[in-house]
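If you want the building blocks of each chain, they are given just below.
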Amino acid sequence: MHYRTLGRTGVRVSSLTLGAMNFGAIGRTPQDEATAIVDAALEAGINVIDTADMYGDGESEEMVGKAIAGRRDDIVLATKAGMPIGEERNHQGSSRRWLVTALENSLRRLGVDHVDLYQIHRWDPATSDEETLSALTDLRRAGKIRYFGSSTFPAYRVVQAQWAAREHHLGRYVTEQPSYSILQRGIEADVLPVAEQYGLGVLAWSPLASGWLTGAVRAGRDVTTHRSTFLPRRFDLSLPHNRARLDAVERLARVADEAGLTMIQLALGFVTAHPGVTSAIIGPRTLDHLRSHLAAADTVLSADLLDAIDAIVAPGTDLAAEEKFDTPPALLDPALRRR
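Structural notes, computed from the coordinates. (Residues numbered from 1 in each chain as written. Predicted model: local features only at pLDDT ≥ 70, side-chain atom pairs only at ≥ 80, totals over all residues. Heavy atoms only, no water.)

Before going further, it helps to examine the overall build of the protein chain. Each helix and strand counted, the protein chain has 12 helices and 10 strands in total. Across its three principal directions, the C-alpha atoms of the protein chain cover 55 × 55 × 40 Å. Per-residue burial over the protein chain gives 54% buried out of 339 residues. A sequence separation of at least 24 residues applies to 78% of the contacts in the protein chain between residues at least 6 apart. In the structure as shown, the protein chain presents an accessible area of about 14800 Å², 50% of it carried by carbon and sulfur atoms. (Helix = DSSP H or I, 4+ residues; strand = E, 2+ residues; numbered from the N terminus. Buried < 20%, exposed > 50% of the residue type's maximum accessible area, 1.4 Å probe, protein only. Contact = heavy atoms within 4.5 Å. Areas by Shrake-Rupley, 256 points an atom, 1.4 Å probe, with all protein chains shown as cover.)

Spelled out as structure tokens, the structure:
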């Protein structure tokens, strides 16, 4: 396992992070298997666990809490808030009112008195940066969080938040958690340069592109991945961008075979090779999934391999632009583009 410094915090973290989204209802991973996954991940040298309050409406946090009981201090524990929880209209977003409540709920579910990294799950256009950063700064001073970060923010919002922190003398986001993989490289053009400029740690989610880069999605085979059962459009080969992804996967598979690597090793090695990335978040549902991911822990891709990947998917390119999660709202809602 390789270790990097998380931004400018001085905290040393593993190059792979254990993501707990699949614990519980989403991935159908039961408690005993989740605990076994955590045990094996820690034994392999992973020291970061990332979850969120909305994963299974808190179920993931509860399962993580049970799995880490008695060894809290050995783990860099991260969670997120901001996505809708239940039907109440104010149980979402990044207002002070909600963040204070959401954190208390997360601490209770996790069974801890603080989290190391508290992340705003998505940018909330209804709430000012000053409001959010002020609340997070106070929670940090209260000892309930050690650091705070953003997740899937557009690059310009990352910059704006840094300016707001400086202008109002507040704590700043020290990390960003974007989606990044060989098939979705758009953040190389904006988010990653901004993160490097401001010294942010970067925890990259979906490095296996929702299963496209596991080796399970290949030409001539039925797509039977877990993700395809509840996100069928993401694997619908009648769509042009999915056909483009499949073509890229076939070419990447040949590159991996020639290098003696699995697709997972190629995919995770690519993400962790970027100097702006601190750690890649893996989200295994089973112990076997975890073991296949851990095989990539020490993978270092040569310059020739990285060049071969660039020739298949150009730097800064998203093959599925419609799946970007940091798109400015005005590009999605026509009313915001018209007077």
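Next, the rest of the story.
Here Arg-157 is to be found in helix α5 (residues 155-167). A relative accessible area of 14% places Arg-157 in the buried class. When neighbours within four sequence positions are excluded, Arg-157 is seen to be in contact with Trp-123 and Asp-129.

On the basis of which strands lie adjacent, the closed barrel formed by 8 strands has the order β3-β4-β5-β6-β7-β8-β9-β10 and parallel pairing. Looking at each pair of strands side by side, their axes are set apart by 30° on average, direction ignored. Across 2 bridges, strand β7 (residues 145-151) lies against strand β8 (residues 175-177) in parallel orientation. When the bridges of β8 are listed, Ser-151 appears paired with Gln-177. (Pairing = 2+ DSSP bridges. Axes fitted to C-alpha atoms, helices over the stretch in contact; angles between N-to-C directions.)

Moving on, we come to the packing of aromatic side chains. Applying the stated criterion across every chain, the model contains 5 aromatic pairs. Ring geometry for Phe-153 and Tyr-173: centres 5.7 Å apart, planes at 80°, overall edge-to-face. Highlighted residues: Phe-153 in the loop between β7 and α5 and Tyr-173 in the loop between α5 and β8, separated in sequence by 20 residues. Residue classification places Phe-153 among the buried positions, given a relative accessible area of 2%. Members of the aromatic cluster, joined through ring pairs, are Phe-148, Phe-153 and Tyr-173. (Phe/Tyr/Trp six-rings, centres within 6.5 Å; stacked < 30°, edge-to-face > 60°.)

Now for the environment of Val-11. Along the chain, Val-11 falls in the loop between β1 (3-5) and β2 (12-14). Sequence separation between Val-11 and Met-83 is 72 residues, and the spatial gap between their C-alpha atoms is 27 Å. If sequence neighbours within four positions are ignored, Val-11 has contacts with Arg-4, Thr-5, Leu-6, Val-76 and Tyr-147.

This part takes up the environment of Leu-18. Among the structural elements, Leu-18 can be located in strand β3 (residues 16-19). Judged by relative accessible area, which is 1%, Leu-18 ranks as buried. With 29 residues separating them along the chain, Leu-18 and Asn-47 place their C-alpha atoms 8.1 Å apart. Non-local contacts of Leu-18, meaning those with residues more than four positions away in its chain, are made with Phe-23, Ile-37, Val-38, Ala-41, Ile-46, Val-48, Ile-49, Asp-50, Ile-282 and Pro-284.

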